[in-house]
2 protein chains.
Amino acid sequence: MKSGIPKYKSISKEIIQKIESGEFQPGDKVPSENELIDMYEVSNTTARKSLLEVELEGWAKRIKGKGTFVLNRSEDRHITRVLGPFHAVKESFNENLIREGFTPRNVVLEKTILDDGISSNINNHHYIIKGPVLKIHRLRYADDILLKDEVRYISLTLCPKINMHDLDNRSLISMYENIYDLQLKNVERTLGNTIIYPLDQKYYFENEIPMAVFVLDGAIFCNDGEIVEMEQSYYRGDKYKFSIVAKPQFSINKN
Amino acid sequence: MKSGIPKYKSISKEIIQKIESGEFQPGDKVPSENELIDMYEVSNTTARKSLLEVELEGWAKRIKGKGTFVLNRSEDRHITRVLGPFHAVKESFNENLIREGFTPRNVVLEKTILDDGISSNINNHHYIIKGPVLKIHRLRYADDILLKDEVRYISLTLCPKINMHDLDNRSLISMYENIYDLQLKNVERTLGNTIIYPLDQKYYFENEIPMAVFVLDGAIFCNDGEIVEMEQSYYRGDKYKFSIVAKPQFSINKN
């Protein structure tokens, strides 16, 4: 079974094929050195060389202490985000981008404490967070492209002094759970759709032609029914796609 | 505790308040006569009068043998559809609209058997259905408004002669399960976003100003990994919203 191709090359080729076919998606972790050693019964030198090869060819990037992640290579490829389930909702906006090879950047336009609280209409329901509420309005960039114009309202009753923390590099949901020990019950999100025209001063995208945008409204509920966060955000329609995977319930029993 | 208002009026008022507040959504079933009898300890005459009152005031509509359903009242209110979970994916497009008080109508633009099968790119994956495949291209209206321009490709290998059935008034997914006895594994859907400009001959919406549309790509997989259906559809962005509700896993154990 000897061929002219060195073993590490044939492994890296297999990994690259899986990236090209979409089996490994941007942001996905490719198998680690140890996993390659087990899978292919090769030495750690060979496994390391395989991963290096994938990285040198520009398909993936090693993040120290975390693993090797598939890059989002093509210029016009959309960034796909899973709308549910819960563990996807919890992921940090910035960390997702870093794993896909982008450089994230935030511009905080506003960070205000509203004493009166805030009300909003999500999915035809009327929701209220009692004051005081932290309003944080951020522009979220990847490689100097404004991807998302995001406003969040966070209950300061449930999360006292959360404005003292670094809010830019962590998932807020994990902060609610870990710092404030809140039991989160569910997340409701509604995705609408609109057009932003050039020169509309209400928006920050500075698009030169009309642009479709996703309008996301969301609320995060605690176990006692109180709302810890509401969100109103705009995602560029030319850069984003949202996906869901739905499985029948009890599918395991059916097998 | 006697008040001037007859009992049936106070019950109908309560139901209407729940519709107004969003607790009961368009398409939701309001409590039945028997449920009202139990809830309020009233006679069946009172319960019946309460439901009739809600209907007469234009908030709901009785569908014979099915129940009384909340109408989608306001002109510019969006139609909201849940993107997952699976049971929501299975709902019939037409039945959903009927429950909300619309009159659905389908125009079949094309119904073709493709011998060669079809391939598509969903969520950066490349998917294939082997031929023969039934292509069905339908315009789906509610009250003479074109809501959805829908193309589905259905495997005729997995669903022989499905083109003989009435495809317009049933959920196709329930046909795959019930008529062809297929075990469905999961549904993948990706939601993109684009602008349709007036006079673009590729589309049927006939909008007079630029319109944002959702672009839905989907695939339904059987347990053996084969694809039974692929979909490519456009939903009017000014009429539709998509929603998800995500819950943490193991939330029951945490209580």
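Residues numbered from 1 in each chain as written. Chains lettered and ligands numbered in written order. Predicted model: local features only at pLDDT ≥ 70, side-chain atom pairs only at ≥ 80, totals over all residues. Heavy atoms only, no water.

S.K.: Hey, could you go over the pattern of salt bridges for me, with residue numbers and the actual values?
M.R.: All names here are of chain A. The final tally for this structure, using the stated rule, is 28 salt bridges over all chains. Residue R81 is joined to E100 by a salt bridge in which the shortest nitrogen-to-oxygen separation is 2.9 Å. Here R81, found in strand β3 (residues 79-82), pairs with E100, found in the loop between α5 (93-99) and β4 (104-114); they are 19 residues apart in sequence, far enough to count as distant. Each member of the pair, R81 as well as E100, is classed as buried. The residue K148 makes a salt bridge to E150 at a minimum N-O spacing of 2.8 Å. Given a relative accessible area of 0%, E150 falls into the buried group. (Salt bridge = Lys/Arg side-chain N within 4 Å of Asp/Glu carboxyl O. Helix = DSSP H or I, 4+ residues; strand = E, 2+ residues; numbered from the N terminus. Buried < 20%, exposed > 50% of the residue type's maximum accessible area, 1.4 Å probe, protein only.)

S.K.: Residues and numbers for the domain arrangement of chain A, please.
M.R.: Residues and elements named next belong to chain A. Domain parsing of chain A yields domain 1 (7-70) and domain 2 (79-244). A separation of 33 Å is found between the C-alpha centroids of domain 1 and domain 2. Between domain 1 and domain 2, the residue contacts involve six residues of the former and four residues of the latter. Summing both partners gives a buried area of about 450 Å² for domain 1 against domain 2, and 58% of it is carried by carbon and sulfur. Taken together, the links from domain 1 to domain 2 amount to zero salt bridges. Counting every contact that joins domain 1 to domain 2 gives one residue pair in polar contact (both at pLDDT 80 or more). Class assignment of the residues belonging to the side of domain 1 that touches domain 2 gives a composition of four nonpolar, one polar and one charged. (Domains from an automatic or database assignment. Contact = heavy atoms within 4.5 Å. Buried area = accessible area lost by both parts, 1.4 Å probe. Polar contact = N/O pair within 3.5 Å; in protein donor to acceptor, adjacent residues only side chain to side chain. Nonpolar A, V, L, I, M, F, W, Y, C, P; charged D, E, K, R; others polar.)

S.K.: I'd love a proper account of the interface of chain B and chain A, names of residues and values included.
M.R.: Taken together, the 48 residues of chain B in the interface contact 48 residues of chain A. For the pair chain B and chain A, the two sides together bury roughly 3,800 Å², of which 51% comes from carbon and sulfur. Counting the contacts that link chain B with chain A gives zero salt bridges. Joining chain B to chain A, the criterion identifies five residue pairs in polar contact (both at pLDDT 80 or more). Of all elements in the fold, only α4 (86-89), β6 (125-129), β9 (184-196), β10 (211-222) and β12 (240-246) of chain B reach the threshold of two or more residues within the side of chain B that touches chain A.

S.K.: Could you give me a rundown of the sheet that holds strand β9 (residues 184-196) of chain A, with the residues and numbers involved?
M.R.: Here eight strands make up an open sheet; going across it, the order is β4(A)-β7(A)-β8(A)-β11(A)-β10(A)-β9(A)-β12(B)-β3(B) and the pairing mixed. Strands with a single pairing partner mark the edges of an open sheet, and in this sheet they are β4 of chain A together with β3 (79-82) of chain B. In this sheet, adjacent strand axes meet at a mean angle of 20° when their direction is disregarded. Both β4(A) and strand β7 (residues 133-142) of chain A contribute to a ladder of ten bridges, which runs antiparallel. Looking at the pairing, L114(A) lines up with V133(A) of β7(A). (Pairing = 2+ DSSP bridges. Axes fitted to C-alpha atoms, helices over the stretch in contact; angles between N-to-C directions.)

S.K.: Just give me the short version of the state of the cysteines, but keep the residues and values in it.
M.R.: All names here are of chain B. Going through the model one piece at a time under the given rule, you end up with zero disulfides over all chains. Cysteine C159 is unpaired, with the sulfur of C222 as its nearest cysteine sulfur at 7.3 Å. Residue classification places C159 among the buried positions, given a relative accessible area of 0%. (Disulfide = S-S within 2.5 Å.)

S.K.: Can you break down the sheet that holds strand β12 (residues 240-246) of chain A residue by residue, with the values?
M.R.: Spatially, the eight strands line up as an open sheet ordered β3(A)-β12(A)-β9(B)-β10(B)-β11(B)-β8(B)-β7(B)-β4(B), and their pairing is mixed. For this open sheet the edge positions go to β3 of chain A together with β4 (104-114) of chain B, each flanked by a neighbour on one side alone. Neighbouring strand axes in the sheet, compared pairwise and without regard to direction, differ in orientation by 20° on average.

S.K.: So what's going on with the packing of helix α1 (residues 7-21) of chain B against helix α3 (residues 44-56) of chain B? Residues and values would help.
M.R.: All names here are of chain B. Interaxial distance between α1 and α3 falls to 8 Å at its minimum, and their mutual angle equals 45°. Between α1 and α3, the angle is such that the two are oblique. As α1 runs across α3, the sense of the crossing is right-handed. Side by side, α1 and α3 meet where K7, Y8, K9, I11, S12, I15, I16 and I19 of the first sit next to T46, K49, S50, L51, E53 and V54 of the second. Looking at the contact of α1 with α3 residue by residue, the class counts come to seven nonpolar, three polar and four charged. (Parallel < 35°, antiparallel > 145°, perpendicular 65-115°, else oblique. Left-handed = near helix turned anticlockwise from the far one by under 90°.)

S.K.: Outline the relation of the copies chain B and chain A, listing residues and values.
M.R.: Structural alignment of chain B on chain A gives an RMSD of 0.1 Å, achieved by rotating through 180° and translating 0.0 Å along the axis. Classification of the inter-copy transformation places it as that of a two-fold axis. The position closest to the rotation axis in chain B is occupied by the C-alpha of A212(B), lying 2.9 Å away. Of the interface residues in chain B, 98% have counterparts in chain A that sit at the interface too, so the contact is made through matching surfaces. (Least-squares fit on C-alpha atoms with pLDDT ≥ 70 in both.)

S.K.: Could you give an account of the pairing of strand β7 (residues 133-142) of chain B, with specific residues and numbers?
M.R.: Residue and element names in this part refer to chain B. Across the ten residues of β7, ten count as buried, placing the element largely inside the fold. Along β7, one buried face is formed by V133, K135, H137, L139 and Y141 and the opposite face, lined by L134, I136, R138, R140 and A142, is buried too. Where β7 meets strand β8 (residues 145-155), ten bridges bridge the pair, whose relative direction is antiparallel. By the bridge assignment for β8, Y141 is matched with L146. Linking β7 back to β8 in an antiparallel pair, the connection comprises two residues, with D143 at a positive phi of about 50°.

S.K.: Give a description of the side chain of D149(B) that names residues and reports values.
M.R.: Residue and element names in this part refer to chain B. Residue position: D149 is located in strand β8. Buried charged residue D149 carries no salt bridge. Nearest counter-charge: K135, at 9.3 Å. One polar contact links D149 to H137, side chain to side chain, over a distance of 2.7 Å. Setting aside residues no more than four positions away along its own chain, D149 makes contact with H137, R138, L139, Y204, F205, Q232, S233 and Y234. (Lys, Arg positive; Asp, Glu negative; His and termini not counted.)

S.K.: Please set out the pairing of strand β11 (residues 227-236) of chain B residue by residue, giving values where relevant.
M.R.: All names here are of chain B. For β11, the buried fraction is high: eight of the ten residues fall into the buried class. With seven bridges connecting them, β8 and β11 associate as antiparallel partners. What sits directly across from I154, in β11, is E229. Pairing between β10 and β11: nine bridges, direction antiparallel.

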